[in-house]
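As a plain string of letters, each chain reads:
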Amino acid sequence: MIAKLKNNEFRITPQRYAVLKVLAQSENHPSAERIYEQLVADYPTMSPATVYKTINLLKKNGEILELEFSEMSNRYDGNKPYPHPHMICTKCGVIVDPPVDDFEKLKSKMMEETGFTISSFRLDFFGLCPDCRGK
Ligand code: ZN
Ligand code: MN
């Protein structure tokens, strides 16, 4: 991630690096607000604008996947920057990558039977996570 950004003449400041690190290390698809909250204690000069700018740059470079929502903040996946299915809890907002084995097969079948090619997709499943189900 960092090497690619350096090639794009992106100046890696400590703040930007910290945003990158959170995105690369968290598996819970954080929002920009969440990343900011997580970092501001350690980086007092961090601003929400720095977080948004870094996210936009990473997005432009295809280094992260953005999940846009109309009813909650956009969320980001820094581990899998390509389209993949998501399980989304409608109560607490937790987002998980479900294991999917036959997904490529399904895509091939869909292309075959419609004559379309697939360049991108969005596949969200909404429901309750195990924690919220138990409540
Ligand atoms: Zn939940
Ligand atoms: Mn994901």
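Structural notes, computed from the coordinates.

Calculation criteria
- Residues numbered from 1 in each chain as written.
- Chains lettered and ligands numbered in written order.
- Predicted model: local features only at pLDDT ≥ 70, side-chain atom pairs only at ≥ 80, totals over all residues.
- Heavy atoms only, no water.
- Helix = DSSP H or I, 4+ residues; strand = E, 2+ residues; numbered from the N terminus.
- Buried < 20%, exposed > 50% of the residue type's maximum accessible area, 1.4 Å probe, protein only.
- Areas by Shrake-Rupley, 256 points an atom, 1.4 Å probe, with all protein chains shown as cover.
- Lys, Arg positive; Asp, Glu negative; His and termini not counted.
- Charge placed at Lys NZ, Arg CZ, Asp CG, Glu CD.
- Donors = N, O, S within 2.8 Å, 3.2 Å for Na, K, Ca; no water.
- Pairing = 2+ DSSP bridges.

**Digging into the overall build of the protein**
Piece 1. Each helix and strand counted, the protein has 6 helices and 5 strands in total.
Piece 2. Taken from N to C terminus, the helices and strands of the protein fall in the order α-α-α-α-β-β-β-β-α-β-α.
Piece 3. Projected onto its principal axes, the C-alpha positions of the protein cover 50 × 45 × 25 Å.
Piece 4. The buried share among the 135 residues of the protein stands at 32%.
Piece 5. Carbon together with sulfur atoms contributes 51% to the accessible area of the protein, which is approximately 9100 Å² in total.
Piece 6. Across the protein, the 18 positively charged side chains and the 18 negatively charged ones have centroids separated by 5 Å.

**Comments concerning the coordination of the manganese ion (ligand 2)**
Piece 1. Each protein donor to the manganese ion (ligand 2) is listed here as H29 (NE2), D77 (OD), H84 (NE2), H86 (NE2) and D97 (OD); together their distances run 2.0 to 2.3 Å.
Piece 2. All donor residues of the manganese ion (ligand 2) come from one chain, and their arrangement in sequence is H-x47-D-x6-H-x1-H-x10-D. Note that H84 is positioned in the loop between strand 2 (75-77) and strand 3 (86-89) and D97 in the loop between strand 4 (95-96) and helix 5 (103-114), a separation of 13 residues in sequence.
Piece 3. Note on D97: relative accessible area 24%, which makes it partly exposed.

**Examining the sheet that holds strand 3**
Piece 1. The strand order 4-3-5 describes an open sheet built from 3 strands, whose pairing is mixed. In this open sheet, the two edge strands, each paired with only one partner strand, are strand 4 and strand 5 (124-127).
Piece 2. In this sheet, strand 5 lies alongside strand 3 in parallel orientation, the contact comprising 4 bridges. In the strand pairing of strand 5, I88 is matched with F126.

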